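Coordinates in review
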Amino acid sequence: MKKIVLILLFSIFLTTLVYSMSDEDIFYTKCTNCHGTEIIFKKKLNKKGWKKIIKKMNSYGANVNSSERNAIIRFLTNNKK
Ligand code: HEC
């Protein structure tokens, strides 16, 4: 029983950790594993364009879920106008 409570508390802790990440944190954790930021920042795209790029990155194995994708798009479109 104690174990279950501990596991539950730990999952809550992990979830909070992920949800407390800023859009920028999510961007840097998800988008800088395979290449640098230059190839991303030199591109000027709208939301639709980024959505397409992120889908392509997922096909390479980027593993971005839909809420992370929204955060990344928010970050990229707020910073790069
Ligand atoms: C699993 C590895 C991987 C991850 C993670 C990844 N990329 Fe890429 N990315 C690539 C590869 C490989 C290329 C070069 C091939 C190409 O141009 O399609 C590339 C190229 C690009 C390009 C230039 C190519 C184009 O179509 O203009 C952009 C912009 C880009 N990535 C954005 C991102 C963003 C934003 C993220 C975070 C969601 C990301 N990448 C995460 C593998 C990855």
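The paragraphs below set out a description of the structure included in this document. By convention here, each chain's residues receive numbers from 1 onward along its written sequence. It should be noted that, the model being predicted, local features are given only for residues of pLDDT at least 70 and side-chain atom pairs only at 80 or more, the latter also being counted only at that level, while totals for whole chains, interfaces and linings use all residues. To get the side-chain values, take all heavy atoms of the structure and skip hydrogens and water.

1. Description of helix α4 (residues 47-60)
Basically, it comes down to this: Secondary structure elements are taken from DSSP: a helix is a run of H or I of four residues or more, a strand is a run of E of two residues or more, and numbering for both begins at the N terminus. Multiplying 1.5 Å by the residue count of a helix minus one yields the expected span of that helix. Partly exposed residues are those whose accessible area sits between 20% and 50% of the maximum for their type, while under 20% is buried and over 50% is exposed, using a 1.4 Å probe and protein chains only. Here the arc refers to the set of directions running from the helix axis out to each C-beta atom.
End to end, α4 covers 20 Å across 14 residues, agreeing with the expected 20 Å (1.5 Å per residue, within 8%). All of the buried residues in α4 are Gly49, Trp50 and Ile54. Buried positions in α4, seen along its axis, are confined to an arc of 130 degrees and lie on one side of it. Residues of α4 that are exposed and point more than 90 degrees away from the buried face comprise Lys48, Lys52, Lys55 and Ser59. Where α4 ends, the next residue or the one after it, glycine 61, has phi of about 110 degrees, a positive value.

2. Some points on a nonpolar patch on the surface
Applied cut-off: Patch membership requires over 30% relative accessible area and the absence of a salt bridge. Like charges are linked within 9 Å, and nonpolar side chains (Val, Leu, Ile, Met, Phe, Trp, Tyr) within 5 Å. All accessible areas in this document rest on Shrake-Rupley with a 1.4 Å probe, and a residue is counted as covered only by the protein chains that are shown. A side-chain nitrogen of Lys or Arg and a carboxyl oxygen of Asp or Glu constitute a salt bridge if their distance falls within 4 Å.
A surface patch of nonpolar side chains, about 770 Å² in accessible area, is lined by Met1, Ile4, Val5, Leu6, Leu8, Leu9 and Ile12. You can see leucine 9 is positioned in helix α1 (residues 2-19). Here leucine 9 falls in the exposed class, since its relative accessible area comes to 52%.

3. Digging into the site of the ligand
Spelled out, the test is: A molecule or strand has a residue near it when one of that residue's heavy atoms lies within 4 Å. Contacts described as polar in this section are N or O atom pairs within 3.5 Å, which, within protein, must combine one atom able to donate a hydrogen with one able to accept it, while residues neighboring in sequence count only if both atoms come from side chains.
Close to the ligand lie 16 residues, the nearest being Cys31, Cys34, His35, Lys43 and Met57. Within the side chain of lysine 43, a nitrogen or oxygen atom sits 2.5 Å from an oxygen atom of the ligand. At 2.7 Å, a side-chain N or O of lysine 56 approaches an oxygen atom of the ligand. Elements with a contribution of two residues or more to the shell around the ligand: α2 (23-31), α3 (38-41) and α4. Examining the composition of the shell around the ligand, we find that 5 residues originate from one element, α4, more than from any other.

4. Thoughts on the pattern of salt bridges
Considering all chains together, one arrives at 2 salt bridges under this definition. We note a salt bridge from arginine 74 to aspartate 23, for which the minimum N-O separation is 2.7 Å. Of this pair, arginine 74 sits in helix α5 (residues 66-79) while aspartate 23 sits in helix α2, placing them 51 residues apart in sequence. What makes arginine 74 partly exposed here is its relative accessible area of 41%.

5. Let's talk about the coordination of the iron atom of the ligand
When a metal holds four donors in a tetrahedron, each ideal angle between them is 109.5 degrees; when it holds six in an octahedron, the ideal angles are 90 or 180 degrees. Note the threshold: Metal donors: N, O and S atoms at distances within 2.8 Å, or within 3.2 Å for Na, K and Ca, with water omitted from the atom set so that some sites may seem incomplete. Donor angles set the geometry label: tetrahedral for four donors if every angle is between 85 and 135 degrees, square planar for four and octahedral for six if opposite donors exceed 155 degrees and the others are between 65 and 115, irregular for anything else.
Binding of the iron atom of the ligand to the protein goes through His35 (NE2) and Met57 (SD), at separations of 2.0 to 2.1 Å. One can describe the site at the iron atom of the ligand as octahedral: its 6 donor atoms subtend angles covering 85 to 179 degrees at the metal. Here methionine 57 lies in helix α4 and histidine 35 lies in the loop between α2 and α3, a separation of 22 residues in the sequence. Classification of histidine 35 as partly exposed rests on a relative accessible area of 27%.

Shape descriptors only; they carry no functional weight alone.
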